[in-house]
Amino acid sequence: MIEVRNISKSFGDLQVLSDVSLDVREGKKLAIIGRSGSGKSVLMKHIVGLLKPDTGHVYVDDQDLCCASYERLRELRKRFGVLFQGGALFDSMSSFENIAFPLRYFSSLSDAEIETRVQDCLDLVNLSDVGAKTPSELSGGMRKRVALARAISMEPAYILYDEPTSGLDPETSNTINDLINQLARELNVTSVVITHDMHSVLEVADRVAFLYNQDLEWVGPVAEVHDCANPNLNSFVRASEYKIGDPSTTPPLSEPSP
Amino acid sequence: MDTPIGAYTPPGLALSPPLDVPFQTAARLAVLDSLLAPFRALGQYAILIGRAFASVDEFRMYWKNLFIQMVRIGIDSVPIVALAAAFSGAVLTVQTAYQLETPFIPKTIIGSIVAPSIMLELGVVVAGFILAGRVGARIAAELGTMRVSEQIDALEVMGLNSIGFLILPRVLAGVVMFPMLYVVSCIVGIGTGILTGEVGGFLSASEFLEGARQFFQLLDPFIGFIKSIAFGFIVTSIACYKGYYTGGGAVGVGDSTTQAAVLSCVFILVADLLVAMLLL
């Protein structure tokens, strides 16, 4: 379980997070939503210990990341798989080498076992035949899926997705959403999805946390996201409804001119 | 504010004044901030390089990376270093011959001047400048791009010590390979000096070598060797520092690359003087 307790973070005089508390329950899928610049990615970096809060604590399986030594922190980070916004694939390596990279350094698998494991991960993300390709030879969606294969290669307990569908076409976004659900189901991992894509939220999340102006304004089940009393969340959701396809809010198509 | 290894903190924000302070106080703080910036950078640099060498016990994980970097920094730089050394040796021979064009000075003196000059100064400094551009800029751009595309964060999240993995092999490769490039630079520089003297009709190869032998001191190549180790460390460590703490996307990568090359050249000159003053 991940517990975020009263964390605040500033960069100089720019306050990014203010007294944010949050629980991510085991085996569940939490979506953290909010406008661009609301501190979602900064919150994610706190959860994996890439940033330390000015005040507050982050506990992973009851262990405080903020007080951990660097060596302990590195051990705790191995419980995480992270899909970064741009994939963060090593561009000097092939897709196969990218996925094999953590296995070579942190597992006792033989070369043959690593090859099997990498192929299994590629199969899981439906990219069985791209192992030899470098990241520059892949499309945006394929890069994200290879990055996802790398994130799951060490069989993490937690997977963090930073804007998994940003910059992707709707069909590829659906593929990524399906993959998030499939991985949560088949690998029984706890998922945290950072996004501002409400369609993705409705597809994958069990619970939703809404960040607004450095504060965590609302946390609740995804089913209640349309009926909550928070005006900022309502506004955020309404702004996304055209994308979601609610017939009551979708503007009618204009008649084609004769 | 404690920042974990691998985390990026925007530089220059530590003393940024809050918005509600009077303008004069804010201006004073800004001036103080800019005055302290070099010292803050020096401290950050020292900590980074200290952390890189502190991770030496994990080096069994990173040794493959050392060989890759030795090839990229050393072997791949041989052609450009040899080219620069060749022209330096040739020009030095021609100009020395021009300055000593008198029947009262024996021609062998040209060899006595050119060979020690290359071993003591020109060979190593020219190689250092060339490598500040080629190796320094490359390292800064590579690490800077890894920083802005979150590849360094990805390494950290996997549980890898990114400083040990990225910086230590590059600095060690620089320290090991720069002296070898210095040797290449000296051999090619003196070789083209001899060739230019012969082809240009200034002096024969035997006269050149006789002059070089007459005034040869073991201290000359020794000092050049020490300088090359120092330059190797300076170029790679500054480039790693600038690249590792890059921020701000493509512009940030460009800034880091430029700063790495310029600072390396400046500190090569400073180190050149210090070594000369200490050892001569």
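You'll find the structure just up there.
To keep things clear, this report deals only with the structure shown in the data block. (Residues numbered from 1 in each chain as written. Chains lettered and ligands numbered in written order. Predicted model: local features only at pLDDT ≥ 70, side-chain atom pairs only at ≥ 80, totals over all residues. Heavy atoms only, no water.)

1. Here's the deal with the pattern of salt bridges
- Inspection of every chain in the model, using the stated rule, returns 20 salt bridges over all chains.
- Through salt bridges with shared partners, a single ionic network connects A:Lys45, B:Arg147, B:Glu150 and B:Asp153. (Salt bridge = Lys/Arg side-chain N within 4 Å of Asp/Glu carboxyl O.)

2. Digging into the packing of helix 1 (residues 23-54) of chain B against helix 6 (residues 162-200) of chain B
Residues and elements named next belong to chain B.
- Axis separation between helix 1 and helix 6 bottoms out at 8 Å; the angle between their running directions is 95 degrees. If you check the angle between helix 1 and helix 6, you find them roughly perpendicular. Contacts between helix 1 and helix 6 involve Leu48, Ile49, Arg51, Ala52 and Phe53 on the former and, on the latter, Ile163, Ile167, Leu168, Val171 and Leu172.
- Partitioned by chemical class, the residues of the contact of helix 1 with helix 6 number nine nonpolar, no polar and one charged. (Axes fitted to C-alpha atoms, helices over the stretch in contact; angles between N-to-C directions. Helix = DSSP H or I, 4+ residues; strand = E, 2+ residues; numbered from the N terminus. Parallel < 35°, antiparallel > 145°, perpendicular 65-115°, else oblique. Contact = heavy atoms within 4.5 Å. Nonpolar A, V, L, I, M, F, W, Y, C, P; charged D, E, K, R; others polar.)

3. What about the interface of chain B and chain A?
- Of the residues lining the interface, 28 residues belong to chain B; the matching set on chain A comes to 32 residues.
- Of the roughly 2,600 Å² buried between chain B and chain A, counting both surfaces, carbon and sulfur atoms make up 62%.
- The largest contributions to the chain B side of the interface with chain A come from B:Glu150, B:Val157 and B:Met158, which together make up 25% of the buried area.
- Our enumeration of links across chain B and chain A arrives at three salt bridges.
- The residue B:Asp153 makes a salt bridge to A:Lys45 at a minimum N-O spacing of 3.0 Å.
- Summed over the shared surface of chain B and chain A, the number is five residue pairs in polar contact (both at pLDDT 80 or more).
- Residue assignment for the side of chain B that touches chain A shows that the elements contributing at least two residues are helix 2 (59-73), helix 5 (151-157) and helix 6 of chain B.
- Among the elements that make up the side of chain B that touches chain A, the one with the highest residue count is helix 5 of chain B (six residues).
- In the side of chain B that touches chain A, the residues fall into 18 nonpolar, five polar and five charged. (Buried area = accessible area lost by both parts, 1.4 Å probe. Polar contact = N/O pair within 3.5 Å; in protein donor to acceptor, adjacent residues only side chain to side chain.)

4. Considering the packing of aromatic side chains
- The tally for this structure, following the rule as stated, stands at 11 aromatic pairs over all chains.
- Taken together, a centroid distance of 5.7 Å and an interplanar angle of 90 degrees make the contact between A:Tyr105 and B:Phe165 edge-to-face. Here A:Tyr105 is found in helix 3 (residues 95-106), whereas its partner B:Phe165 is found in helix 6 on a different chain.
- What makes A:Tyr105 partly exposed here is its relative accessible area of 24%. (Phe/Tyr/Trp six-rings, centres within 6.5 Å; stacked < 30°, edge-to-face > 60°. Buried < 20%, exposed > 50% of the residue type's maximum accessible area, 1.4 Å probe, protein only.)

5. Here's the deal with the sheet that holds strand 1 (residues 2-11) of chain A
Residues and elements named next belong to chain A.
- The strand order across the open sheet formed by four strands is 2-1-4-5, and the pairing between neighbours is antiparallel. A single partner strand is all that each edge strand has here, and the edge strands are strand 2 (14-24) and strand 5 (63-64).
- Pairing between strand 1 and strand 4 (residues 55-60): five bridges, direction antiparallel. Looking at strand 4, one finds that glutamate 3 is bridged to tyrosine 59. (Pairing = 2+ DSSP bridges.)

6. Description of the layout of surface pockets
- Empty space within the second largest pocket amounts to approximately 760 Å³.
- Around the second largest pocket, the lining comprises 29 residues; the ones closest to its centre are A:Met93, A:Phe101, A:Tyr105, B:Ile68 and B:Phe165.
- Of all the secondary-structure elements, those providing two or more residues to the lining of the second largest pocket are helix 3 and helix 4 (111-124) of chain A together with helix 2, helix 4 (108-148), helix 5 and helix 6 of chain B.
- In terms of residue count, the dominant contributor to the lining of the second largest pocket is helix 2 of chain B (nine residues).
- The class makeup of the residues in the lining of the second largest pocket is 14 nonpolar, five polar and 10 charged. (1 Å grid on protein atoms, 1.4 Å probe; cavity = no way out; pocket = protein on both sides within 12 Å on 5 of 7 lines; lining within 4 Å. Points joined across faces, edges and corners; volume = space filled by probe spheres on them.)

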